[in-house]
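# Breakdown of the fold
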Amino acid sequence: MLRIPELLSPAGSFDSMVAAVSNGADAVYLGGTSFNARQGAANFADDDLARALEYCHVRGVRVYVTVNTLIKQAELPEVARFLGFIHSEGADAVIVQDLAVARIVRDTFPRLDLHASTQMTIHNSDGLAALERLGFTRAILARELSLGQIAEAARTTSLDLEVFAHGALCVSYSGQCLMSSMIGGRSGNRGKCAQPCRLEYTLVNAEGKPLPHRMPGAYLLSPRDLAALPLLAELTAAGVRGIKLEGRMKRPEYVATVTRVYRAALDRLRENPEAYGPAPGEMEDLEAIFNRGFTTGYLQKNQGADMMSPTRPNNRGVLVGRVQAYDRSRKAARIRLELPLSVGDGIEVWVTTGGRSAGTVGKIFLDGRQVDEALGGETVWVPLDGPARPGDRVMKTSDAALIARARDTFAHGAGRRVPLTMAVQASVGEPLRLTVTDPDGNVTDATGSVPGVPAERTPLSLDYLRKQLGRLGTTPFVLESISADLKGDVIVPVSDINDIRRAAVDALAKMRVDKYRRAPVAEEQVQSSLETALHASRRILDNPVFSWTADSKQGARRPMALAARVTDLAGVLAASRAGADIVCVGGETYAPSKRMSFADLTEAVSACRDNGSELWFATARIVADHEIPAARDDIRRSMEAGARGVLVGNLGLLAFAAAEACGRVAADWSLNCMNSLMAADLAELGDGMVVLSCELTMEEMREVARGIGPQRTGAIAHGALELMVSEQCVVGSVLGGRTSERACSAPCTRGRYALLDRVGAVFPVLCDASCRMHIRNSVDLCMVEHVHEFAEMGLGSIWLDLRCEDSARVARVVQAYREARSATPERLGALRHELEAISGGSITKGHYFRGV
C-alpha cells in the first residue's frame, strides 16, 4: 500500500494552529517566543504552547516545535530550560538548526525526536549520514533539490525526509544567507530576516553601468511561490515522508485554505495514485488566497527566469478582468469580468502609467442596478479612486467568499473531531454505565450516581441516548456509533446522563493528552547536564593538533595564525611571500578562473614551504551528490600534493576530510557555529578547529573561545563576505536567457557583474563552475585594528577572504595584517586607512560590535 506523506502545516498563531488542525493537518510546526526562525509571527508563550500541545494531541495531531535559530553561548541555559518545558509537555519533535540544541536533546531529553531544519542546508547524502550519527530522525531538505536528488537521498538514508511543497521560496540556500544580517542587522539565522531579496536591484557591469535586458521588472532576486500540488505523486514515489507547507507569517485563512487543498489532494492520492492530479478549482483557490505566481521550483529542473517574479515581490492575486473605461467624475471603472467579483473582494488595478490602484470592492453596478456579485463574462462599474486606462488588468487580491469559507472552518465550534463509539448499560436498580472508545483503542468508563427506576411513560431508548450522549458541543469529539443494553423499561434523570457523558469524555481527553506528556526533568538536573556537556566539549577540543598552535619540541604556544584564502597560484605566491601562516585554495571556482591543476597545487605547496607557510585546501559550501566524488578526489589530491589541512564548508564532508587530513580540519564560518557545544559536535565529526560565525560580536566570540579552550577557534577578519549562494543565477536569467526551456549563454565567462540596490550599494555577483550564484557584500570587512584583541581572546587563527582580489592586493592585505600583530595603536590606525583606501574607500566591522 502506498505510504502517503505526513501533511505538516504552519502555525504562527493559535488561530492558525486551529485552522491547520481543522482542515486536516497531520502535524503542525510552531515556535515559542524565542529561538525560532519566524520571530515576526505571533508565536506562543509557554502557557499558550502548553494549550496548543493539548489542543493538537487530544485530536491526534503531532506538534513539532521550532528551535531553529543559531544559539549564542549565553543563551544555552535558557534554551535548555525551554527544551525541558516542551519535553515535559509532550512535544513530538524539535526542529533545529544549531547542533548545540541537538546535543542538549541527546544528553537530557532523548525522547524528543530531532528534525534538522532546512536552515542546516542539508542537500547531499553525506550530510544525511552526519545527521544520523548525531541522532536525528528527520531532515528537512534544502529546497534546491530535484525529485531525482530527493529519491537518491532517500535510498541512502534511514532518516525520514521532509520537503517544502508550498509557499514562499528563499532565493539563497537557507542557512547560507547573510544579506539581511549584513545590510540591516536583522539575521535570518536568528529569525529576523528583513527579506532584502524582495527589493529592487539593477544588474550592472564592472564599471557600474546598468545592463540592458528583457527581464520585466526590477525584483531580480524575488522568486515566485512554490506550488508542488501537481507533483505530490512524484514526491511520494521519491520517498518523501513529510509534505511541508510554508506560512507561519501568513493569516489563519491562508493556512486553512492551503491545508484543505493539500489534505484533499493527499487523500485522493491514497485512493487512486495512478490517476492523481489537482482537482478542478484547487490551483485557483491557492492562487486566490496568496501567490507571487507559482513555480515547482527546482523539483523538476532549474527554471532560470521562469522561477522568478521580477515585477512584483508580494501577492499578485488573480486576473479578474480588464478595464474598458474610466469615469474621472464618478471615480469608477467599467470592467469586463473574466472571473466572478463580489462586494468585499480586494482588487488592484495594474495601471499602464502611475503604478497601481488598490482597494476593497464596496459597490458593484450591473446594468444600472447595484448588486452584491457579478459573474465572469459580465461588464460592471466599480468605484475606484485611482486612475485607470482601457486595457489595464484588474487583479483580485483577496476573495471574500474564499476567506469566509476558510474562516468558517476554524472560527466556530470545535473544528476537527475524533469519532467515538459509545456503549450504554442500564437496568432498574443499577446506575447507568457508559463506555467510550476512541479510534486509538483508548477506553473510559463512567457510572451514574442515580439507580435506574421503572419508567412510567417513556423508557430509555437507543434514539434518546444517541441524542443526549451525542451532545458533545465544542469538545474535540463526535459520536460515531452507539449501542445500548437496556434491561426492561428503565429511566434515569437526564442530568445523570449529561454528567456521565461529561465525565467519560473528559477522562478520555485527559487520557489522549497524557500519553504524550513526560515526567519533568528537574531544572537543577537540566542545568547540571548542560554544565557537564560544556565541560565535555572543552575536553574534546583541548588537544591541539595544529602546528601553529603548539610547538612539538618546546610545548610553547605559537602566535595566532594568519590565514589567507585565495583563488589561484598567483594568489598563493603573493600570500605566502607576504607572510601568511596558512594559504588556502580550492572550494568554488568563480568564472572566468580555472580550477587549479595538480601541478599548480604541487607548486603552491612548494612555494608555501619555502616561505614558511602551510597550504590548505578548501571545499565548497554546496556540494550536490553528483559532485561528492569530485570533491573527495580534490581533497585526496590536495593532500597528495602536500597540503597540510582542509577548510570544510559542508557538513557532509567533515568526516571524510578529517580522515584524509589526519584531523587537520577547520570547519568554515559558513557552518554557522556560535557556541562551544556546536563546536564540539563539529570537532567530533571532523576532529578539528572551528572558524566561528561572523554574526558574533567580539565579546560573544570571547565567550565561545573560553568555552572551547585556547586556540581552537578562528574568525573571519577581512574580505567581502559572501551574502548568498544560490542555484538561481541572476546573470544567467537576466543576460544569459536561462529559462525552463533554454540553456544559459554563459555571460559570466565574458565579464564581471554586480547588483545595484536602491541606495547605491553595489554587490558583486560571481558565478561558479557549477552555475551557482554567489553575492558578496558591497563593502569589505576590515578588522586590522583589532588583531590584538583577537589574539587576546585565545583564537588560533584569523582568516582573510581574498578570493576576489588580484595578487598585488592579496600581498598588501596580508602584509598589513602580519604587521598588525605587533603594531602600535597609531600604526594600526594607519593600516586601517591604507586598507580602506584599497577597498574603495569604505569598510565595515560587520557584527563584531553591533551583533544580531
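### Structural notes on the overall build of the chain
Counting its regular elements, the chain contains 24 helices and 41 strands. A compact globule built from 852 residues should have a C-alpha radius of gyration of about 29 Å, and the chain, at 31 Å, falls within 12% of that. Of all 852 residues assigned to the chain, the portion counted as buried reaches 59%. Considering only residue pairs separated by 6 or more positions, the chain has 72% of its internal contacts joining residues 24 or more positions apart. As displayed, the chain has an accessible area near 32600 Å², and 49% of this comes from carbon and sulfur atoms. Across the chain, the centroid of the 98 positively charged side chains sits 3 Å from that of the 101 negatively charged ones.

### A closer look at helix α16 (residues 598–610)
When the terminal C-alpha atoms of α16 are compared, their 18 Å separation across 13 residues agrees well with the 18 Å that a helix rising 1.5 Å per residue should span. Regarding α16, the residues found buried are Leu601, Ala604, Val605, Ala607 and Cys608. All buried residues of α16 project into a common sector of 165 degrees when viewed along the axis, lining one side. Residues of α16 that are exposed and point more than 90 degrees away from the buried face comprise Ala599, Arg609 and Asp610. The secondary structure elements touched by the buried residues of α16 are α15 (569–578), β29 (582–586), β30 (614–618) and α17 (628–641). Note on α16: the residue one or two positions beyond its end, Gly612, has a positive phi of about 75 degrees.

### As for the side chain of Arg803
Structurally, Arg803 can be placed in the loop between β40 (797–801) and α23 (807–820). Judged by relative accessible area, Arg803 falls into the buried class, the value being 9%.

### Some points on the pattern of salt bridges
One pass over the structure, following the stated rule, counts 60 salt bridges. In this structure, Arg51 engages Asp48 in a salt bridge whose closest nitrogen and oxygen atoms are separated by 3.7 Å. Within this pair, Arg51 and its partner Asp48 are both found in helix α2 (residues 46–58), separated by 3 residues, close to a single helical turn. Note that Glu834 and Arg827 form a salt bridge whose closest N and O atoms lie 3.2 Å from each other. Among the residues examined, Glu834 registers a relative accessible area of 28% and is labelled partly exposed. Each member of the salt-bridge network shares a partner with another, and the members are Arg565, Glu588, Arg621, Asp668, Glu722, Arg776, Asp801 and Arg803.

### As for the nonpolar core
Grouped together as the largest cluster of nonpolar side chains are 230 residues, with contacts concentrated most on Val28, Phe136, Tyr262, Phe790 and Tyr817. With 9 residues, helix α9 (residues 252–271) is the largest single contributor of residues to this core. When near neighbours in sequence (up to four residues on either side) are disregarded, Phe136 contacts Val96, Leu99, Ala102, Leu114, His115, Ala116, Met120, Leu131 and Leu159. Residues Val58, Val492, Ile500 and Val505 belong to the second largest nonpolar core, which totals 26 residues.

### A short note on empty space enclosed by the protein
Any empty space left between atoms is shown by rolling a water-sized probe over those atoms. Using the criterion set out here, one finds 5 cavities of 30 Å³ or more in the structure. By volume, the largest cavity amounts to about 220 Å³. What lines the largest cavity is a set of 23 residues, and nearest its centre among them are Met120, Thr121, Gln176, Leu651 and Leu671. Considering only residue class, the lining of the largest cavity consists of 9 nonpolar, 13 polar and 1 charged. In this structure, the second largest cavity spans a volume of roughly 150 Å³. Looking at the second largest cavity, it is lined by 17 residues, and the ones nearest its centre are Arg565, Asp668, Trp669, Asp801 and Arg803. If you tally residues by element for the lining of the second largest cavity, the top one is β40, at 3 residues.

### Comments concerning the side chain of Arg316
Here Arg316 lies in the loop between β11 (294–295) and β12 (318–327). Notably, Arg316 is buried but unbridged: the nearest opposite-charge side chain belongs to Glu287, and the N-O separation is 8.0 Å.

### Things to note about the sheet that holds strand β38 (residues 773–776)
With antiparallel pairing, 5 strands are arranged side by side in an open sheet as β8-β36-β37-β38-β35. Of all the strands in the sheet, the pair left with one neighbour each is β8 (202–205) and β35 (722–726). Between one strand axis and the next, the sheet turns by 30 degrees as a mean value, whatever way the strands run. Where strand β36 (residues 753–756) and strand β37 (residues 762–767) come together, 4 bridges link them in antiparallel fashion. Among the inter-strand pairings, Tyr753 is bridged to a residue of β37, identified as Val765.

### Some words on the packing of aromatic side chains
Taken as a whole, this structure holds 6 aromatic pairs when the rule is applied. With a centroid separation of 6.5 Å and an interplanar angle of 50 degrees, the aromatic rings of Phe14 and Phe44 are classed as tilted. Of this pair, Phe14 sits in helix α1 (residues 14–22) while Phe44 sits in the loop between β2 (27–31) and α2, and the two are 30 residues apart along the sequence. The burial state of Phe14 is the same as that of Phe44; both residues are buried. Here Phe14 falls in the buried class, since its relative accessible area comes to 19%.

### Some words on the packing of α2 against helix α3 (residues 76–89)
Between α2 and α3, the least distance of the axes is 10 Å, while the angle of their chain directions is 30 degrees. Of the possible angle classes, the one that applies to α2 and α3 is roughly parallel. Considering how the two elements wind past one another, α2 and α3 form a crossing that is right-handed. In this structure, α2 contributes Asp46, Leu49, Ala50 and Leu53 to the contact, and α3 contributes Arg81, Phe82, Phe85, Ile86 and Glu89.

What counts, and where the lines are drawn
Residues numbered from 1 in each chain as written. Predicted model: local features only at pLDDT ≥ 70, side-chain atom pairs only at ≥ 80, totals over all residues. Heavy atoms only, no water. Helix = DSSP H or I, 4+ residues; strand = E, 2+ residues; numbered from the N terminus. Rg over C-alpha atoms; globule rule 2.2 N^0.38 Å. Buried < 20%, exposed > 50% of the residue type's maximum accessible area, 1.4 Å probe, protein only. Contact = heavy atoms within 4.5 Å. Areas by Shrake-Rupley, 256 points an atom, 1.4 Å probe, with all protein chains shown as cover. Lys, Arg positive; Asp, Glu negative; His and termini not counted. Charge placed at Lys NZ, Arg CZ, Asp CG, Glu CD. Expected span 1.5 Å × (residues − 1). Arc of directions from axis to C-beta. Salt bridge = Lys/Arg side-chain N within 4 Å of Asp/Glu carboxyl O. Core = buried A, V, L, I, M, F, W, Y, C linked by side-chain atoms within 4.5 Å. 1 Å grid on protein atoms, 1.4 Å probe; cavity = no way out; pocket = protein on both sides within 12 Å on 5 of 7 lines; lining within 4 Å. Points joined across faces, edges and corners; volume = space filled by probe spheres on them. Nonpolar A, V, L, I, M, F, W, Y, C, P; charged D, E, K, R; others polar. Pairing = 2+ DSSP bridges. Axes fitted to C-alpha atoms, helices over the stretch in contact; angles between N-to-C directions. Phe/Tyr/Trp six-rings, centres within 6.5 Å; stacked < 30°, edge-to-face > 60°. Parallel < 35°, antiparallel > 145°, perpendicular 65-115°, else oblique. Left-handed = near helix turned anticlockwise from the far one by under 90°.

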